[in-house]
Amino acid sequence: MRVIMFDIDTLRPDHLGCYGYGRDTSPAIDSVAREGVRFDNYYCPNAPCLPSRASLITGRYGIRNGVLGHGGTAADLRLQGETRHFRDECSENGLFMQFRQAGMHTASFSTFAERHSAWWFNAGFNECFNVGKCGNESAEEVTPHVLDWLRRRGGEDNWFLHVHYWDPHTPYRAPAAFGYPYEDVPLPDNWITQEIFDQHLLHVGPHGANEINMWDDAQYPQYPRHPGCLKSLDDVKAMIDSYDYGVRWTDDNIAQILDQLKDLGVYEDTAVIITSDHGENFGELGLYGEHGTADEPTCHIPMIIKWPGGMKGHVDSGFHDNVDLAPTVQELLGTSMRGGYDYDGQSYAPALLKGEDCARDSVVLTQCCHVCQRSARFDDYLYIRTVHGGYHLFPKEMLFDVKNDPHQLHNLAEERPDLCDRGARLLLNWTEDMMKKSDFEADPMWTVMREGGPEHARGMLESYIQRLEGTPRADQIPLLREQYPKF
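Cut-offs applied
- Residues numbered from 1 in each chain as written.
- Predicted model: local features only at pLDDT ≥ 70, side-chain atom pairs only at ≥ 80, totals over all residues.
- Heavy atoms only, no water.
- Helix = DSSP H or I, 4+ residues; strand = E, 2+ residues; numbered from the N terminus.
- Polar contact = N/O pair within 3.5 Å; in protein donor to acceptor, adjacent residues only side chain to side chain.
- Buried < 20%, exposed > 50% of the residue type's maximum accessible area, 1.4 Å probe, protein only.
- Pairing = 2+ DSSP bridges.
- Axes fitted to C-alpha atoms, helices over the stretch in contact; angles between N-to-C directions.
- Parallel < 35°, antiparallel > 145°, perpendicular 65-115°, else oblique.
- Contact = heavy atoms within 4.5 Å.
- Nonpolar A, V, L, I, M, F, W, Y, C, P; charged D, E, K, R; others polar.
- Expected span 1.5 Å × (residues − 1).
- Arc of directions from axis to C-beta.
- Phe/Tyr/Trp six-rings, centres within 6.5 Å; stacked < 30°, edge-to-face > 60°.
- Core = buried A, V, L, I, M, F, W, Y, C linked by side-chain atoms within 4.5 Å.

## Details of the side chain of H388
Next, step 1: By the secondary structure assignment, H388 is in strand β14 (residues 381-388).
Next, step 2: At a separation of 2.9 Å, a polar atom in the side chain of H388 contacts the main-chain amide nitrogen of G390.

## Points about the pairing of β14
Next, step 1: With 6 of 8 residues buried, β14 is to be regarded as a mostly interior element.
Next, step 2: Sheet topology note: the strand β13 (residues 372-378)/β14 ladder contains 7 bridges and is antiparallel. When the sheet's bridge partners are listed, A376 is paired in β14 with Y383.
Next, step 3: The sheet contact formed by β14 and strand β15 (residues 397-401) spans 5 bridges and is antiparallel. Directly across from L382, in β15, lies its bridge partner F400.

## Observations concerning the packing of helix α7 (residues 139-153) against helix α9 (residues 233-263)
Next, step 1: α9 packs onto α7 with a crossing angle of 10 degrees between their chain directions and a minimal axis gap of 10 Å. As summarised for this structure, α7 and α9 are arranged roughly parallel, according to the angle between their axes. The segment α7 lies against α9, with A139, E140, T143, V146, L147, L150 and R151 engaging W249, N253, Q256, I257, Q260 and L261.
Next, step 2: Here the contact of α7 with α9 is composed, by residue class, of 7 nonpolar, 4 polar and 2 charged.

## Focus: helix α13 (residues 417-437)
Next, step 1: In this model, α13 (21 residues) spans 30 Å end to end at C-alpha, consistent with the 30 Å of a helix rising 1.5 Å per residue.
Next, step 2: For α13, the set of buried residues is L419, C420, G423, L427, W430, T431 and M434. Here the buried residues of α13 occupy an arc of 110 degrees about the axis, which is enough to place them on one side.
Next, step 3: Contacts from the buried residues of α13 go to α3 (62-65), β12 (362-367), β13, β14 and β15.

## Observations concerning the packing of aromatic side chains
Next, step 1: Under the criterion given, the structure shown has 26 aromatic pairs.
Next, step 2: Ring geometry for F99 against F160: centres 3.9 Å apart, planes inclined by 10 degrees, an arrangement best described as stacked. Of this pair, F99 sits in helix α5 (residues 95-101) while F160 sits in strand β6 (residues 159-165), and the two are 61 residues apart along the sequence.
Next, step 3: Summarising the aromatic geometry, the rings of W149 and W159 are spaced 5.7 Å apart at their centres and angled 80 degrees between planes, so their arrangement reads as edge-to-face. One end of the pair, W149, is in helix α7; the other, W159, is in strand β6, with 10 residues separating them in the sequence.
Next, step 4: Judged by relative accessible area, which is 1%, W149 ranks as buried.
Next, step 5: Overall, the relative accessible area of 1% leaves W159 in the buried class.

## Brief notes about the nonpolar core
Next, step 1: Core analysis: the biggest nonpolar cluster contains 60 residues, and L95, W120, I305, L325 and Y348 have the highest contact counts within it.
Next, step 2: Not counting chain neighbours up to four residues away, the residues in contact with Y348 comprise F39, Y42, M303, I305, H320, D324, L325, T328 and C358.
Next, step 3: Counting 54 residues, the second largest nonpolar core, distinct from the first, contains V32, W159, M239 and I274.

## Side note on unusual backbone geometry
Next, step 1: With an omega of -5 degrees, the peptide bond running from A47 to P48 counts as cis.
Next, step 2: Position of P48 among the secondary structure elements: in the loop between β3 (46-47) and α2 (49-58).
Next, step 3: Cis geometry is found at the peptide bond from T170 to P171, where omega equals -10 degrees.
Next, step 4: Structurally, P171 can be placed in the loop between β6 and α8 (194-201).
Next, step 5: With a phi close to 55 degrees, C134 is a non-glycine residue in the positive phi region.
Next, step 6: Its place among the elements puts C134 in the loop between β5 (127-129) and α7.
Next, step 7: Positive phi, normally seen in glycine, also occurs at H207, with a value near 65 degrees.
Next, step 8: Residue H207 is classed as buried on the basis of its relative accessible area of 7%.

Taken by themselves, the reported measurements are silent on function.
Take a look at the structure:
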């Protein structure tokens, strides 16, 4: 058995051809989708990077594994405590350890563990290759090492490779030699009108059109594709173009690896997993180039799996999230749980092998790095409840019909209190169920709040207010002070 997993940072599914995008950004990824299963409603339940991969690896939601933030107590996995023996149960039962249990040689090409001091991420790997740039590398710095490994060992049996690309993540970094292939290609979904953009120019909060660099408009010469601010619709298009260049550059590198597998004669018998940790906002909720909310663009992620002997060209439209991958792999490989550990996820192996429906009725999404929000995704709707808005002026409740309003332009909360009640009830029931299973007293979202709020917003309000003074947005300063009196 051979398995390769492409872990692509910040990849929106709706910017891939196989998910309906109108640009040729992903021919290699699309080819895998034609040969396997594409999941259309797959979610990152804990956004963004660190919390997402914690839920992916542990098979548990952040409310149980403890990781919901990018700093403070909630940026570390909770210790097992007195029940721990020689090895902790989380490491023994994590996603990558399942491949080791199945007798595979495992190797990772990733800088993630060092970037976030998340060394638990490496549990289960025989080899970890780190190019040493903490997520600032580009694909062409990673791919040669993967190709070299495959030339040396790819013809052997029983291996698992984890290949991590950062290129769609900010700052957008496709090399200059890649050029500007979409410069004269219109945006497939040109939903941002001048009227909408004028509203975005008045938005307060980090990563708006005026402050792409989170709290200011600084631009860095080493990343010429990444803007500091947006002043026109042409700037908006150029920024989305730059993101798409990163997607296509990643896809070109994936193509090299797939071609190497074909040259070795092992591609047909190799399982391929393609996914992401989270998506990216491009104007939704007034945000650009960030993954800082518990909304559809941030939390909706691709999942494509080609499994030998499994379904081909199949589309699964039910709700799943990334805690489901570990139990799915466990069922596919026939591995077993060790100790008293359990997953929050549920296996969808029958969907891969037989096309059976293994979906959930809803999923719950959490973001505590840039804001503190929990959301419920059910039917065609997304209900968002904001505890701390990260110095955006979000209302406490938002409700969107994401099927008919994918860019979240029309908040239906006042029009549909019945659906808000349903979303709130889903959140309440889910939270209670998770806390009953937890060995810890505190919900880590409230740990984040008690420690000063989201990591990326801590201590920034006064300096940001100074930036707003004397601008067309200054009239919103009293609203910021009113909504965030403690911060």
